[in-house]
Amino acid sequence: MAVTEAQNPLIGEHTCGSLLKKLQEIWDEVGESDEERDKMLLQLEQECLDVYKRKVEHATKSRAQLLQSLSDAQLELSTLLSALGEKSFAGIPDNTSGTIKEQLAAIAPVLEQLWEQKEERIKDFSDVQSQIQTICGEITGSLNRNDVPAVDESDLSLKKFEEYQSELHELQKEKSDRLQKVFELVSTVHDLCAVLGMDFFSTVTEVHPSLNDSTGVQSKSISNDTLARLANTVLTLKEDKKQRLHKLQELASQLIDLWNLMDTPQEERKLFDHVTCNISASVDEVTIPGSLALDLIEQAEVEVERLDQLKASRMKEIAFKKQSELEEIFAHAHIEIDSDVAREKIMALIDSGDIEPTELLADMDNQIAKAKEEALSRKDILDKVEKWMSACEEESWLEDYNRDENRYNASRGAHLNLKRAEKARILVNKIPALVETLVAKTRAWEETHDMSFTYDGVPLLAMLDEYAMLRHEREEEKRRMRDQKKFQDLQITEPEAPFGSKPSPARPVSAKKGGGPRVNGGANGTPSRRLSLNAHQNGSRSIAKDGKRDNTRPVAPVNYVAMSKEDAASHVSGTEPIPASP
């Protein structure tokens, strides 16, 4: 019965004391010796001690693991707080309160929250760093979208995140500036290509394929290499534009010179208005598309070459035209030149081919310019020569008018002749002063230019000296004729008067028709030298524009007849001749 109860552990409550008592009863019943009993009790006690030791060791090991877990949790908490840049965190338990398991249970939710926060931070950092890496790759031109940036989990603080964000903002701004710069350069390339007549798309895609208009804004390349190549393309195009404009302006200048040289009509010139319109424009002012295209320049070159060939065939005509202009300047300036020799020389130069046509024309242009300067220096003297010759013509007319015995008749136009005679007397009285001024100016001109002043090949001072001599001789002739007339009048009146009577001075000699003979030194009662001067003066009048001399001179009224030099002299001096006795 006792054995049965001992084998069934479910019956009753077994303790160490009850089991020991049960063991002693069994030993008593069996009759075990004290030695065996002591041996078995020692063995039993040792086994119990081993069991306790194992339990204690297991409990100690378990406590050590819990302490290590708690330590690890605390270290992880500290590491997370440090990585997140958090000095404290709400809900962190006190290290000294509660058991180890309680402390672990209290720190576990905090760690979970910090881990979640860390994962979010890592994601945010990775996103920012990815954007930074992308923009940096776009700037350097070494973008690889498969590369994932490594996040430094040891520093996930908000300060570090803000630094990355600040760096990202700077890079985004730089990207925006670079995009703007790319657009400006691409726009400049577009404008330059339009002016130069070049293909914009092939030019810009040669720099980088992403610069085509079909790609999106964000896909445009903003790398340093792209910007540098774009800038270099712009510089190249600007240099091409500058060179083409210079070439076109040279061609336009040549066209205008050739047109002016050959008197090209305006209708033909208008065909190249698109070339000549930019002859004085600056590089920045030329913006019309195609205005500097290569085919336009080639067209202008072909036209210049055509006109050059035409100019060579018309060189004699052009040279003779310039020679005619030069001769006209000399003619107006009354400078005598040998036109035939000059034209023969031009013909010989052109036929020999020893001089370029442009050089010949340039030399003739220089001659024309010098001729204009010389004509301008002679203008003042020539104006006064014209006045002098005009006064001499009026003087000659006045002499003829004074010889007209019917000048006071009430005929048609007599009053007009009378008015002209009054003006002519005033003008004639000014001749000595005019000649004196002309002599002074001519001498000053000759001293300045160290050469003789000629008028149609005759030295002007010699002409003036001859005129002065002839004028003096004429005055002497008038005086002599007056004395001779007085003597003749005296001889005529003495036979007719009775003895002891005196001649009547009131009887005019000219009152009788067919009066006494006139003594004339020339056709008009002047010396032959005066006639030669008159002929020279009339032949040296101003040259008309057609190159012919104007040999016309004022004529006396229709109703005049020849009269004596004495009558002419009296009219020149403003007095009537003294009538002679019949």
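Residues numbered from 1 in each chain as written. Predicted model: local features only at pLDDT ≥ 70, side-chain atom pairs only at ≥ 80, totals over all residues. Heavy atoms only, no water.

A word on the overall build of the protein chain. Across its full length, the protein chain holds 18 helices and two strands. The buried share among the 582 residues of the protein chain stands at 33%. Put simply, of all contacts in the protein chain between residues at least 6 apart along the chain, 76% involve residues at least 24 apart. A total accessible area of about 35800 Å² is found for the protein chain, and carbon and sulfur atoms account for 54% of it. (Helix = DSSP H or I, 4+ residues; strand = E, 2+ residues; numbered from the N terminus. Buried < 20%, exposed > 50% of the residue type's maximum accessible area, 1.4 Å probe, protein only. Contact = heavy atoms within 4.5 Å. Areas by Shrake-Rupley, 256 points an atom, 1.4 Å probe, with all protein chains shown as cover.)

Here the focus is the UniProt feature "coiled-coil region" (unreviewed entry) in the protein chain. With numbering matched to this structure, UniProt assigns "coiled-coil region" (unreviewed entry) to residues 154–181. Helix makes up 86% of residues 154–181 and strand 0%, and the two end C-alpha atoms of the span are 39 Å apart. (UniProt positions renumbered as here; feature names shortened; annotations may be inferred.)

Under the defined criterion, the tally for this structure stands at 21 salt bridges. For Glu174, the salt bridge is made with Arg178, and the minimal N-O distance between the two is 3.1 Å. In this pair, Glu174 and Arg178 are both assigned in helix α5 (residues 158–196), four residues apart and thus about one turn of the helix distant. Exposure remark for Arg178: the relative accessible area of 12% places this residue in the buried category. Ionic pairing is found between Arg479 and Asp483, a salt bridge with its closest N-O pair at 3.5 Å. (Salt bridge = Lys/Arg side-chain N within 4 Å of Asp/Glu carboxyl O.)

Generally speaking, soluble globular proteins have nonpolar side chains that are buried together. Of all hydrophobic cores here, the largest spans 63 residues; its most connected members are Leu230 and Val275. Listed by contribution, the elements that provide at least two residues to this core are α3 (34–83), α4 (100–140), α5, α6 (200–207), α7 (224–262), α10 (294–313) and α11 (315–332). If we ignore the near neighbours within four places in the chain, the residues touching Val275 are Leu248, Ala252, Leu255, Leu296 and Ala300. Among the nonpolar cores identified, the runner-up in size contains 34 residues, and Leu382, Ala391, Leu438 and Val439 belong to it. (Core = buried A, V, L, I, M, F, W, Y, C linked by side-chain atoms within 4.5 Å.)

α7 packs onto α5 with a crossing angle of 25 degrees between their chain directions and a minimal axis gap of 10 Å. Considering their axes alone, α5 and α7 lie roughly parallel with respect to each other. Along this stretch, α5 crosses α7, giving a crossing that reads as left-handed. Of the residues in α7, those in contact with Arg178, Lys181, Val182, Leu185, Val186, Thr188, Val189, Leu192, Cys193, Val195 and Leu196 of α5 are Asn224, Leu227, Leu230, Ala231, Thr233, Val234, Leu237, Lys238, Asp240, Lys241 and Arg244. A class-by-class count of the residues in the contact of α5 with α7 yields 13 nonpolar, three polar and six charged. (Axes fitted to C-alpha atoms, helices over the stretch in contact; angles between N-to-C directions. Parallel < 35°, antiparallel > 145°, perpendicular 65-115°, else oblique. Left-handed = near helix turned anticlockwise from the far one by under 90°. Nonpolar A, V, L, I, M, F, W, Y, C, P; charged D, E, K, R; others polar.)

The next subject is a negative patch on the surface. On the surface, a cluster of negative charge is made up of Glu112, Glu116, Glu120, Asp124 and Asp127. Mapped onto the secondary structure, Asp127 falls in helix α4. (Patch = residues over 30% accessible without salt bridge, like charges linked within 9 Å, V, L, I, M, F, W, Y side chains within 5 Å. Lys, Arg positive; Asp, Glu negative; His and termini not counted. Charge placed at Lys NZ, Arg CZ, Asp CG, Glu CD.)

Before going further, it helps to examine helix α12 (residues 339–352). The terminal C-alpha atoms of α12, which comprises 14 residues, lie 20 Å apart, in line with the 20 Å expected from a rise of 1.5 Å per residue. Taken from the residues just after α12, Gly353 is the one with a positive phi, measuring 75 degrees. (Expected span 1.5 Å × (residues − 1).)

Bringing the packing of aromatic side chains into the picture now. All chains considered together, the criterion is met by seven aromatic pairs. Between Phe125 and Phe161 the ring centres are 5.3 Å apart and the planes differ by 50 degrees, which places this aromatic pair in the tilted class. Placement of Phe125 in helix α4 and of Phe161 in helix α5 is noted, with a sequence separation of 36 residues between them. According to the relative accessible area criterion, Phe125 is buried, its value standing at 0%. When the centroid spacing of 4.9 Å and the interplanar angle of 85 degrees are considered together, the rings of Trp445 and Phe453 count as edge-to-face. Accessibility expressed as a relative area gives 0% for Phe453, which makes it buried. (Phe/Tyr/Trp six-rings, centres within 6.5 Å; stacked < 30°, edge-to-face > 60°.)

For the rest of this paragraph, the subject is unusual backbone geometry. Backbone geometry at His334 places phi at a positive 55 degrees, although glycine is not the residue there. Relative to the elements of secondary structure, His334 occurs in the loop between α11 and α12. Using a relative accessible area of 2% as the deciding quantity, one classes His334 as buried. Despite not being glycine, Asp450 shows a phi value in the positive range, around 55 degrees. Tracing the chain through its elements places Asp450 in the loop between α15 (431–449) and β1 (454–455).

A few words now on α6. Taken residue by residue, α6 has Phe200, Thr203, Val204 and Val207 as its buried positions. The buried residues of α6 occupy an angular sector of 85 degrees when projected down its axis, which confines them to one face. (Arc of directions from axis to C-beta.)

On to the state of the cysteines. Enumeration over the complete set of coordinates arrives at zero disulfides. Free of any disulfide, Cys16 has its nearest neighbouring cysteine sulfur in Cys48, separated by 6.0 Å. Residue class for Cys16 comes out exposed when judged on its relative accessible area of 66%. (Disulfide = S-S within 2.5 Å.)

Another point: the packing of α5 against α6. Their axes nearest at 9 Å, the elements α5 and α6 cross at an angle of 145 degrees. In the packing of α5 onto α6, the handedness of the crossing is right-handed. Two secondary-structure elements touch here, α5 through Val186, Val189, His190 and Cys193 and α6 through Phe200, Thr203 and Val204.

Along the chain, the position of Gln172 falls in helix α5. Assessed through its relative accessible area of 34%, Gln172 is described here as partly exposed. Sequence separation between Gln172 and Cys136 is 36 residues, and the spatial gap between their C-alpha atoms is 9.8 Å. Beyond its immediate stretch of four places on either side in the chain, Gln172 contacts Gln131 and Ile135.

A separate point is the environment of Thr442. Turning to its location among the elements, Thr442 is positioned in helix α15. On the basis of relative accessible area, Thr442 is assigned to the buried category, the value being 0%. For the pair Thr442 and Ile381, spaced 61 residues apart in sequence, the C-alpha separation works out to 6.8 Å. When near neighbours in sequence (up to four residues on either side) are disregarded, Thr442 contacts Ile381, Phe453, Leu460 and Leu461. Here the side chain of Thr442 touches Leu438 through a polar contact of 2.7 Å, landing on its backbone oxygen. (Polar contact = N/O pair within 3.5 Å; in protein donor to acceptor, adjacent residues only side chain to side chain.)

Chain-level statistics for the protein chain give a pLDDT mean of 78 and a share of 79% at 70 or above. Of all secondary-structure elements in the protein chain, the lowest mean pLDDT belongs to helix α18 (residues 565–572), at 37, while α5 reaches the highest, 91. The model gives residues 1–11 a pLDDT under 50, and that stretch makes six contacts with residues more than four places away or in other chains. Scored below 50 in pLDDT, residues 499–582 makes 170 contacts in the model with residues more than four places away or belonging to other chains. (pLDDT = per-residue confidence, 0-100.)

We now examine the side chain of Glu303. Within the fold, Glu303 resides in helix α10. Looking at Glu303, the relative accessible area reads 8%, which means it is buried. Contact partners of Glu303, with chain neighbours within four places excluded, come to Leu255, Glu268 and Phe272.

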